[in-house]
Amino acid sequence: MERYNFKIVEEKWQEKWLKLGAFKSKIDHSKEKFYCLEMFPYPSGKIHMGHVRNYTIGDVLSRYKSLQGYNVMHPMGWDAFGMPAENAARENNLDPKEWTNKNISTMKGQLKKLGLSIDWDREISTCSEQYYKHQQLFFLELYEKGLVYRKENYVNWDPIDQTVLANEQVIDGKGWRSGAVVERKKLNQWFFNISKFSQELLDGLDDLKQWPNKVKVMQKNWIGKSFGCEIVFKTEGDLPVKEIKCFTTRPDTLFGLSFLALSVDHEISKYFQNDTKFQEFKKECSKTGTTEEAIAIGEKIGFKTNLKAFNPLNPDQKVPVFFANFVLMDYGFGAVFGCPAHDQRDFEFAKKYNLNIKTVVKPDDENDDFTVRDEAYSGPGVLINSEFLNKLKAPNESIIKTIDILEDRKIGKKKINFRLKDWGVSRQRYWGCPIPMAYDKEGKVISIPKKDLPVKLPENVNLNSKGNPLDAEKDWKKIIINGKNYTRETDTLDTFVCSSWYYLRFCSSKNLEYGYKQEEIDYWMPVDQYIGGVEHAILHLLYSRFFMKALGYKNDNFKFKEPFKGLFTQGMVCHETYKDQNNNWLSPEEIELVGNEYYIKGNLNDKVKVGPSESMSKSKKNVIDPENIIKNYGADAVRLFILSDSPPEKDVQWSEQGMIASYKFLQKLWILHNKIKEKIQSDNKNSGNNEALQKFTNQMIKKITNNLNGFNYNVIIANIYEMYNFLSKEIEKKIDSEILKDCYKKILILLSPPIPHFAAECMEDLNLDKDLKWPKINTKLLEDQKIDYVVQINGKKRAILNESRDIDQDTLMSIIRSNKLSEKYLKNKSINKIIFVKNRLINLLVNE
RNA sequence: GGGCGAGUGGCGGAAUUGGUAGACGCGUUGGUCUUAGGAACCAAUAGUGCAAGCUGUGAAGGUUCGAGUCCUUUCUCGCCUACCA
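## Considering helix α23 (residues 756–765)
Stage number 1. Among the ten residues that make up α23, eight are buried, leaving the element largely enclosed by the rest of the structure.
Stage number 2. When we look at burial in α23, the residues that qualify are Pro756, His757, Phe758, Ala759, Ala760, Glu761, Cys762 and Met763.
Stage number 3. Of the surrounding elements, those touching the buried residues of α23 are α1 (6–20), α2 (49–67), α18 (635–644), α19 (656–682) and α22 (737–751).
Stage number 4. Where α23 ends, the next residue or the one after it, Asn767, has phi of about 60°, a positive value.

Here you go:
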């Protein structure tokens with residue numbers, strides 16, 4: 001017998017699968033479809049362990065579903081637009097397209113080595129014209145439907161790089177690259193009207209039964225629906241301002257009014273443009289907003305105006321109007337009324353500026369003279385000090401009643417407010433999908449005619465120019481439409497747009513006319529199982545959901561409400577971190593273990609400081625390169641390990657020892673396979689006790705099937721070890737060769753989702769590779785086993801009796817009475833009560 | 001501050017959802033075979049006891065014949081979110 005040579009075996013099967021077209025998918029209405037999709041990677045250079053984990057999980061599922069007889073589609077593509085390409089290209093003086101395509105081919109090769117069951121015929125790349133031309137058409141369609149518009153909006157502006165920064169690129173108020181203090185600048189930008197679908201996006205969550213609750217809660221919070229009321233406050237003062245509109249969820253506390261607070265960006269701020277004190281205050285406000293801790297501590301500061309506002313329910317009451325740092329412009333109306341007694345922020349503000357604090361809600365167990373002292377009271381209770389609102393139950397009854405009154409008096413309106421804002425899709429970048437729009441001399445917008453799509457990215461652009469490189473492409477910018485001169489839009493689309501519909505494209509990846517083909521999405525959509533990192537819980541997954549609704553808007557042919565029927569979010573791959581004595585990060589390759597301590601390789605004087613296990617990242621140098629690992633141990637061993645150590649939804653700790661153990665296990669499994677082979681070929685008929693093997697196999701079919709259905713992939717690996725442990729003992733006994741063959745074939749099928757090359761090789765070796773179907777559970781075999789009955793005396797386990805299934809209480813009792821148990825525990829005692837659980841246990845309650 | 005989730009051996013983690021706690025793996029210990037072992041194989045491995053046994057799932061209560069699992073209180077940790085009126 002030869003050692004198991006993973007290199008030869010894995011290459012052989014990968015070639016064979018390719019030649020057979022084993023993973024090609026096409027519409028087949030006689031079969032139930034299963035669309036399995038993992039989040040497609042950004043082609044950054046090489047695959048990392050996170051990809052290995054993500055795609056292994058998806059591959060196990062795809063292969064399992066195939067064996068179950070589903071018509072599986074399991075495609076792969078590239079999220080190929082984005083800044084890293086632009087940055088890398090700039091640094092190395094390359095074309096972003098070249099850089100990207102090179103990475104794609106490297107990573108594709110690496111993914112192939114993992115033995116993934118991917119239909120590569122459907123491969124797409126978002127940076128190809130073939131892809132983005134359809135995206136441009138979608139953009140125009142949404143524009144026609146009124147779901148796309150242009151408006152001025154604030155952006156993070158880096159004055160040195162002359163570019164817009166995403167929020168995550170602003171670190172402590174400075175640009176991540178230039179280090180310049182980031183400015184807020186107003187720019188004209190394109191927006192998708194996602195907020196139009198706020199309610200739908202919220203309601204849709206209820207139908208997503210196969211989504212993790214966590215993600216649904218995150219989206220729900222992000223959409224942020226709140227029920228309340230807008231209230232108009234009349235004002236007086238030296239400004240031409242007659243009234244201020246506020247949004248509140250607690251109109252019932254209006255008698256506790258103490259002040260109005262406005263955002264520094266509120267339209268009234270225009271009267272303070274030349275007020276240096278106000279401008280200073282505004283600056284101060286933007287400073288406090290930068291660090292997270294500052295927000296957490298959140299000192300409330302205000303700027304008092306000369307305006308006074310009248311309480312709409314009590315016109316005798318006049319309160320001051322402030323600008324305040326804790327009021328956001330883009331929520332509600334950028335203005336709130338302050339009720340310090342029942343809102344902690346208002347409370348802190350009132351304390352600081354010595355404003356009136358009037359209690360208008362008392363807890364149920366307090367008297368009417370209850371007053372708020374050290375902190376605001378926001379719990380339930382009863383209204384007090386509120387004239388005609390007194391005695392109403394807060395919050396429900398009192399809110400509804402107050403809104404009714406305000407509406408009657410025409411000073412307020414019921415209002416539902418969403419936190420979700422429209423999606424700004426303009427990016428001042430080169431490496432993205434061009435926005436198919438143009439402007440005339442007056443700045444009026446015109447769509448690029450659909451027949452002229454795609455608007456192609458120009459090539460050989462100078463990426464080192466300041467600002468948006470496309471803006472510097474004078475020739476490219478010029479365009480003639482209907483004989484008139486126009487200037488192209490130079491912004492490109494946020495790359496999240498590309499990933500908002502790619503799952504549709506996979507269904508019709510080669511369709512030239514349109515982004516998808518109706519009959520193909522009708523068959524394949526929705527994605528049955530989507531798998532990816534939880535970091536996309538909000539943006540990507542919400543944008544994709546929006547995109548489906550936008551495509552279906554005013555389009556009856558498009559009937560899918562949700563893109564992803566099932567969602568699974570896998571955990572990250574972690575590794576210990578290492579530092580030298582000077583606190584420089586060290587990679588695992590730079591160190592060695594001597595005794596119990598780590599040292600820098602070849603240097604016993606330099607001890608290494610071992611840090612906590614953290615998600616693998618280049619900056620901490622705690623990365624393990626999958627390519628080396630696959631080369632050293634093989635794809636099956638890597639797949640086995642990456643699945644084995646933790647539940648897939650949790651983080652997993654990379655361990656070299658664990659990896660080696662998986663590798664060794666496959667070697668052991670190969671030895672076992674050869675023993676089984678010998679036994680099968682020895683052709684001994686009707687010998688031995690075969691029942692145990694049959695029952696065990698059947699139990700394993702049940703366990704593994706259940707664990708696959710429940711995504712307990714780590715337990716499946718444990719089950720595989722169990723099978724090994726059992727078989728390696730059982731094989732020493734006498735077994736009928738036909739029964740062994742039958743059982744072993746089933747077991748090999750069970751092995752094939754996680755370790756496909758190995759399983760295929762073993763099947764072929766025994767000529768068992770025909771007619772592969774996921775084995776069925778034989779309920780008969782489960783039924784007639786004997787049962788370990790637990791015998792408890794007064795709730796304590798005293799014995800385990802192995803007896804027939806389905807025996808009744810009396811039979812079990814008579815067995816117990818004839819057992820030595822009764823001598824020990826039941827002699828001279830009376831049994832008060834017997835609890836009997838069929839096929840499980842019996843509990844005897846006796847007098848002590 | 002708000003939301004979500006989790007606490008089980010030295011470690012990663014199992015437990016048919018209220019019914020034998022610790023499956024499976026790593027590590028450790030002992031042994032066998034080897035020139036050698038950081039290879040392979042065998043055995044042990046929650047704690048405590050010579051043993052029968054007793055104690056054990058972050059802590060304290062409770063429900064139950066029976067609780068890792070359900071309820072109440074509490075502590076710790078992780079993740080997400082950020083003044084949302």
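Once the structure has been displayed, the description carries forward.
## Brief notes about the sheet that holds strand β17 (residues 381–383)
Stage number 1. Here three strands make up an open sheet; going across it, the order is β16-β17-β18 and the pairing antiparallel. The open sheet has two free edges, formed respectively by β16 (361–362) and β18 (393–394), since each of these has just one partner strand.
Stage number 2. For β16 and β17, the ladder comprises two bridges, and the chain directions are antiparallel. If you follow Val361 over to β17, its bridge partner there is Leu383.

## Observations regarding the protein's contact with RNA strand B
Stage number 1. Surveying the vicinity of RNA strand B reveals 48 residues, the closest of which are Thr249, Tyr331, Arg345, Asp645 and Asn843.
Stage number 2. Each atom of RNA strand B within 4 Å of the protein belongs either to a base or to sugar and phosphate, the latter forming 62%.
Stage number 3. One of the side-chain N or O atoms of Lys300 is found 2.8 Å from a base oxygen in RNA strand B.
Stage number 4. Between Gln792 and RNA strand B, the recorded distance is 3.3 Å, taken from a side-chain N or O atom to a base nitrogen.
Stage number 5. Considering every element that reaches the surface near RNA strand B, the biggest residue donor is helix α21 (residues 713–730), with five residues.
Stage number 6. Per-class residue counts for the surface near RNA strand B are 22 nonpolar, eleven polar and 15 charged.

## A short note on the confidence of the model for chain A
Stage number 1. On average, residues of chain A score 90 in pLDDT, and 97% of them are at 70 or above.
Stage number 2. Residue range residues 289–293 is modelled with pLDDT below 50. Its contacts to residues more than four positions away, or to other chains, number three contacts.
Stage number 3. The ipTM, which scores confidence in the relative placement of chains, is 0.94 for this predicted complex, and the corresponding pTM is 0.93.

## Overview of the pattern of salt bridges
Stage number 1. Using the criterion set out here, one finds 41 salt bridges in the structure.
Stage number 2. Of the charged contacts, one joins Asp59 and Arg63 as a salt bridge, the two residues approaching to 2.9 Å between their closest N and O atoms. Highlighted residues: Asp59 and Arg63, both in helix α2, separated by four residues, approximately one helical turn. Take Asp59 and Arg63: they sit in the same class, and that class is buried.
Stage number 3. With a closest N to O distance of 2.9 Å, Asp769 and Lys770 form a salt bridge.
Stage number 4. One connected set of salt bridges, linked through shared partners, spans Lys12, Lys16, Glu761 and Glu764.

## Let's talk about the side chain of Asn468
Stage number 1. Looking at the element boundaries, Asn468 is found in the loop between β24 (445–447) and α12 (474–477).
Stage number 2. Within the structure, Asn468 has its side chain in polar contact with the backbone oxygen of Thr490 (distance 2.7 Å).

Conventions we followed
- Residues numbered from 1 in each chain as written.
- Chains lettered and ligands numbered in written order.
- Predicted model: local features only at pLDDT ≥ 70, side-chain atom pairs only at ≥ 80, totals over all residues.
- Heavy atoms only, no water.
- Buried < 20%, exposed > 50% of the residue type's maximum accessible area, 1.4 Å probe, protein only.
- Helix = DSSP H or I, 4+ residues; strand = E, 2+ residues; numbered from the N terminus.
- Contact = heavy atoms within 4.5 Å.
- Pairing = 2+ DSSP bridges.
- Near = heavy atom within 4 Å.
- Polar contact = N/O pair within 3.5 Å; in protein donor to acceptor, adjacent residues only side chain to side chain.
- Nonpolar A, V, L, I, M, F, W, Y, C, P; charged D, E, K, R; others polar.
- pLDDT = per-residue confidence, 0-100.
- Salt bridge = Lys/Arg side-chain N within 4 Å of Asp/Glu carboxyl O.

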